[in-house]
Amino acid sequence: MTALTVKGMMAHWRRALLTGMAAVVGVAIVSGTLIISDTADQLGSGDSDLNIVRQVMLIAGGVTLVVGTFIVNLMMSVTVAQRTRELGLLRCIGAGTRQIRRSVLLESLLTGAVNALAGLLLGFGVASALRALINTRTFAGELPGHAFILTPRTVIAVLLVGCVTTVISGLGPARRASRVAPVAALLELPPAPSGRRRSRMVAGTLVFGAGVAALPIAVATGRGPLILAGATLSLAGLRLLGPLVAERLASVVGLPVASALRMPGVLGRLNAVRNPERTAATASALAIGLALLVFITILSASAKAPLLREYARDRADFQLWPAAGQEAGDQKTGPRGEPMNPAIVARLRALPEVAAVVPVRCAPGTLADQRAVCAVDPATIAEVKDLELVSGSLADLGHGAIGVSQDDATAAGWTTGATVTMHAAGGSRTFIVKAIYRATETFGAYLMAPADYAQLGAGATTPTVYVRSAADDPAAAREAVARVTADYPGVEIHDRAEFHQSDIKQIDNASAVYRALTGLAALVGLFGIVGTLALSIVERRRELGLLRAVGMQRRQVRSMIRAEAVIVTLVGGALGLGLGALFAWAAAGVFEHSSSPTEFTVPVGGLAAVAALVVLAGVAAAVLPAQLASRVDVLRAIATD
Amino acid sequence: MTAAVRAVAVCREYGIGAAAVTALDNVSVAVQRGCFMAVIGPSGSGKSTLLHCLAGLDTPDSGEVYLGETELTRLSEQDRTRLRRDRIGFVFQAFNVVPVLTAGENILLPLRLAGRAPDRQWADRVIDAVGLRDRLRHRPSQLSGGQQQRVAVARALVTRPEVVFADEPTGNLDSGASAELMRFLRRSIGELGQTVVMVTHNPAMAAYADRTLVLNDGRVVDDLRSPTAEQVLDRMQALGARA
């Protein structure tokens, strides 16, 4: 029996290869992660920043493995269904149910072992590609260009992961294979309809509902782990609901495809819904990887959105900082280095290239509730910063008045006209709230007129000077300002773009690395479409022969298969986009009030690119199956055995 | 009157060297328009190969095949596909219908593939001739084997082909359904004036034809006009006795 299994696999090596392809990628990512971490650890450069990369890689590898397992399971199920007659024959000549089951399990074990080895080797490729990516897109430390280290632990772990996942995906098909009756060899039995449809729908609805419901709860309570639970449950629910959802969705998204491609499109659409179970499994495998990709895309846009908005509120083209010697700080952290010569402000104001020069003087948390207090000139502050007043007016910020941020006002229940007591070195004083504004990352402080600020006893600190250039010519203004500052050693000029761009760059870089990883999971989903389609071509050989005989052109056959692939891809794409957006919405909600605040933003361009890629990928996935289908030999296909 | 389809000295061999099998050995035959011709012979006699060569599904090693004035053997694969779609109709033994399409859609399939609008009057006549009027919206899985074959006959006739080729159309049917299908086929041909070439191994089916060609070892051994089932059976038995 063992020899028979091995011979069978060798004879159908293409099928075995196709089945294994999906599993290899996940194994390769896990293997690549382990290789990278071991190498980094060994060299003592186990940067703590790398830990997050390692975690994301392991999550991506894990998800890719799960998707791969789905696909291997699906393809083995199809293969077993196609071999019903052969299995029946084996039973007729005396093979026991156990022998059949073991044979299928052995097949999956062998497939797994080959996958694990291939994955281990490919892991080096993944590792070097990732290292190159991380090193060119710095956001989490540098990986040394040392030769990769392969530890025995990695080898054992990868072999185990590869074999165990494939054997797990072989369990179901093995059980079904062992149930094939001997008479199946003699009769053309229709495949048994999958039962428990109703209970499956109920369970699927419950699990999916619970998963989706967990997301708003996570947002409301600010619990991150609930998102993970919600995402897992809703994906599991989707897997159960799959056939129903996939059938409906496929017939809807198939309509435009069918009308664009006429008869081949019509047939492609009907083929996509003829086996809802299979379409669902293929589409949901793609959807999982895609959901992750969309999640990362939306989340990084959401992390960028508040930064970009603040960037837009900033009207100063540069900031002048007093002599360095300290880390770049802001009003929250207070004074920097040497005092700045007050004469500099007067000289700058005289420059024709400059429209506004606004010194802002801040004192750190010795005041009030450890928050900074800043002295601003109410008349000119709006020239360099859009404070987005919520109520009151900056013009009222005279003697005895204070401006507070909306967050503080909401927290303390202040409205304009409320009184606020400040404690400082110069004693306690009471102020009336005259303006409430929206805080920004660098402007969350209490604002007051310079005179009051001095009275509070915090006057000795150095101002930061905000400069806005005239006539939209920052380059000329910068040159003029630089000529002035040259006389005051230590004063630094910082461009507006500098502050924001470095943060945005970090997010972009991290997002590029994570998108590459999750993109691999989506790629595995595509392999699933290629494999399932190729197998169904084998199944439909007679039908294809008939179509060719009654006059379907090769070109039309290819177009029919392409339509089917695109429809299945679109179903997976729609599900992945929807779920990914939902998960990202929840995550953005949870992180909204974190140290790096997010604001749910849908990057239309980015998502459109993903959608376009999905359609293209669908067409690409159809290339091989379409070739197979159009090459079906009419005579052999219609011959009756 | 010109022949609808004509084979001239067609030879076809499969395999090479010692394993070579001669399926057709210098076969010439002409089928007149409006004729219902049966091709009969024991298994391995070359009757299916002859049908495939006449229909442009297979290419002879030597000899020529004409459909009307068109020489099939000279056409490219793409042209032959178009010719099959537009000028030839097929009925196979089994797997005649696309399972995802309804009976009506299956019947109109060749026209839809060609992007042509069906001639409604003609389509109605064909559908009525095979008696499928009330089954058009059914899926193949809801039809009996005989009904599926009638769908195939209708599909073969709907394009007004120059010749309909039928390969053991009753091979998977019981005798009742076989007789019924043959009556439908006979009637359609009579009413619609079509030319049919049918391969069978069943003398009773051959008896429905105007003319029966008997093949053995790749050669034409008999050409009977309007034979009865008994006559065909006699010839077949004579072949068996000789072998």
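Bear in mind that the values here come from a model prediction, so they are computed numbers and not experimental data.

Enquirer: How should the overall build of chain A be read in this particular structure?
Expert: Along the backbone of chain A there are 20 helices and 10 strands. Relative to its full complement of 641 residues, chain A shows a buried share of 50%. Partitioning the contacts of chain A with sequence separation of at least 6, the portion at a separation of at least 24 is 83%. On chain A, roughly 28100 Å² of surface is accessible, and the fraction owed to carbon and sulfur atoms is 62%.

Enquirer: It is not clear to me how the pairing of strand S7 (residues 427-437) of chain A should be interpreted in this structure. Could you clarify?
Expert: Consecutive side chains along a regular strand alternate between the two faces of the sheet. Residues and elements named next belong to chain A. Bridging between strand S4 (residues 389-392) and S7 involves 3 bridges; their strand directions are antiparallel. From the neighbouring strand, Ser391 faces S7, where its bridge partner is Ile436. Where strand S5 (residues 401-405) lies against S7, 5 bridges are found, and the strand directions are parallel. Residue pairing across strands places Ala401 opposite Ile432, the latter belonging to S7.

Enquirer: Help me understand unusual backbone geometry in this model?
Expert: In terms of backbone geometry, most residues other than glycine have negative phi values and most peptide bonds are trans. All names here are of chain B. The backbone of Ala9 sits at a positive phi, close to 50°, despite the residue not being glycine. Mapped onto the elements, Ala9 comes out in strand S1 (residues 3-14). Using a relative accessible area of 27% as the deciding quantity, one classes Ala9 as partly exposed. The backbone of Glu168 sits at a positive phi, close to 45°, despite the residue not being glycine. With respect to the helices, strands and loops of the structure, Glu168 is situated in the loop between strand S7 (163-167) and helix H6 (175-192). Glu168 gets classed as buried once you look at its relative accessible area, which sits at 11%.

Enquirer: What am I meant to see in the interface of chain B and chain A here?
Expert: As a measure of interface size, the accessible area lost when the parts come together is often cited. At the junction of the two partners, chain B supplies 26 residues and chain A supplies 23 residues. Summing both partners gives a buried area of about 2400 Å² for chain B against chain A, and 67% of it is carried by carbon and sulfur. Considering only the surface of chain B that becomes buried against chain A, Phe95(B), Val100(B) and Leu113(B) emerge as the three largest contributors, covering 26% of it. The tally of links between chain B and chain A comes to 1 salt bridge. For Glu77(B), the salt bridge identified is with Arg548(A), shortest N-O distance 2.8 Å. Summed over the shared surface of chain B and chain A, the number is 5 residue pairs in polar contact (both at pLDDT 80 or more). Of all the secondary structure elements, the ones that give two or more residues to the side of chain B that touches chain A are helix H2 (77-87) and helix H3 (103-114) of chain B.

Enquirer: Help me out: how do you make sense of the sheet that holds strand S4 (residues 62-67) of chain B in this one?
Expert: Note on sheets: strands pair through backbone hydrogen bonds, and any given pair is parallel or antiparallel. Residues and elements named next belong to chain B. Read from one edge to the other, the open sheet built from 4 strands follows the order S2-S1-S4-S5, with strand pairing classed as antiparallel. This sheet does not close on itself; its edge strands, each paired only once, are strand S2 (21-32) and strand S5 (70-71). The pairing of S1 with S2 spans 8 bridges and is antiparallel. Bridging across to S2, Arg6 finds its partner in Ala30.

Enquirer: Before we go on, may I ask you to explain the packing of aromatic side chains in this structure?
Expert: The geometry of an aromatic ring pair is captured by the separation of the ring centres together with the interplanar angle, meaning the angle of the planes. The full count for this structure, using the stated rule, is 3 aromatic pairs over all chains. Taking 6.5 Å as the distance between ring centres and 55° as the angle between the ring planes, the aromatic pair formed by Trp414(A) and Tyr446(A) counts as tilted. You can see Trp414(A) sitting in the loop between helix H12 (406-412) and strand S6 (419-424) and its partner Tyr446(A) sitting in strand S8 (residues 446-448), a full 32 residues away along the chain. Taken individually, Trp414(A) and Tyr446(A) each receive the classification buried, so the pair is uniform in this respect. Put simply, the rings of Phe90(B), Phe92(B) and Phe165(B) pair up and form one aromatic cluster. The ring of Phe70(A) has Arg239(A) lying over it, and the distance from NZ or CZ to the ring centre is 4.2 Å.

Enquirer: Would you take a moment to explain the packing of helix H16 (residues 541-549) of chain A against helix H17 (residues 554-591) of chain A for this structure?
Expert: Angle between the axes and distance between the axes: these two values describe a pair of packed helices. All names here are of chain A. Close contact between H16 and H17 brings their axes to 10 Å; oriented N to C, the two are set at 140°. Overall, the two elements H16 and H17 adopt an arrangement that is oblique. The handedness of the crossing between H16 and H17 is right-handed. Where H16 approaches H17, its residues Leu544, Leu547 and Arg548 are matched on the opposing element by Arg554, Val557 and Met560. Of the residues belonging to the contact of H16 with H17, the class tally is 4 nonpolar, no polar and 2 charged.

What counts and what doesn't
Residue indices follow the written sequence of each chain, beginning from 1 at its first position. Labels are handed out in written order, letters beginning with A for the chains and numbers beginning with 1 for the ligands. The model is predicted, so local features are restricted to residues of pLDDT at least 70 and side-chain atom pairs to those at 80 or more, both for listing and for counting; the totals for chains, interfaces and linings are taken over all residues. Side-chain calculation: all heavy atoms of the structure are included, whereas hydrogens and water are not. By definition, any uninterrupted DSSP run of H or I lasting at least four residues is a helix, any uninterrupted run of E lasting at least two residues is a strand, and each is numbered from the N terminus. Exposure categories follow from relative accessible area, calculated using a 1.4 Å probe and restricted to protein chains: below 20% of the type maximum is buried, above 50% is exposed, and the middle band is partly exposed. When checking whether two residues touch, look at their non-hydrogen atoms; a contact exists if any pair is within 4.5 Å. The protein chains shown are the only cover counted for residues, whose accessible areas, like all others here, come from Shrake-Rupley with a 1.4 Å probe. Any two strands with at least two DSSP-identified bridges between them are counted as paired. Accessible area, probed at 1.4 Å, shrinks when two parts are joined; the buried area is that loss added up over both. Salt bridge criterion: a side-chain nitrogen from Lys or Arg within 4 Å of a carboxyl oxygen from Asp or Glu. Pairing of N or O atoms within 3.5 Å defines a polar contact, subject to two protein rules: one partner must be a possible hydrogen donor and the other a possible acceptor, and residues neighboring in sequence count only if both atoms are side-chain atoms. Note on aromatic pairs: the rings of Phe, Tyr and Trp (six-membered ring only in Trp) are paired at centre separations within 6.5 Å, and the planes decide the class, stacked below 30 degrees, edge-to-face beyond 60, tilted for the rest. Placement of a charge over a ring requires the Lys NZ or Arg CZ to be within 6 Å of the ring centre, with the centre-to-atom vector within 35 degrees of the ring normal. In this description, a line fitted to the C-alpha atoms serves as the axis of each element, helices being fitted only across the stretch in contact, and the angle between N-to-C directions of two axes falls anywhere from 0 to 180 degrees. Every angle not falling under 35 degrees, over 145, or within 65 to 115 is termed oblique; those three ranges are roughly parallel, roughly antiparallel and roughly perpendicular. Take the far helix as your reference; a near helix turned counterclockwise from it by less than a right angle gives a left-handed crossing, and one turned clockwise gives a right-handed crossing. Under the scheme applied here, ten amino acids are nonpolar (Ala, Val, Leu, Ile, Met, Phe, Trp, Tyr, Cys and Pro), four are charged (Asp, Glu, Lys and Arg), and all others, including Gly, are polar.

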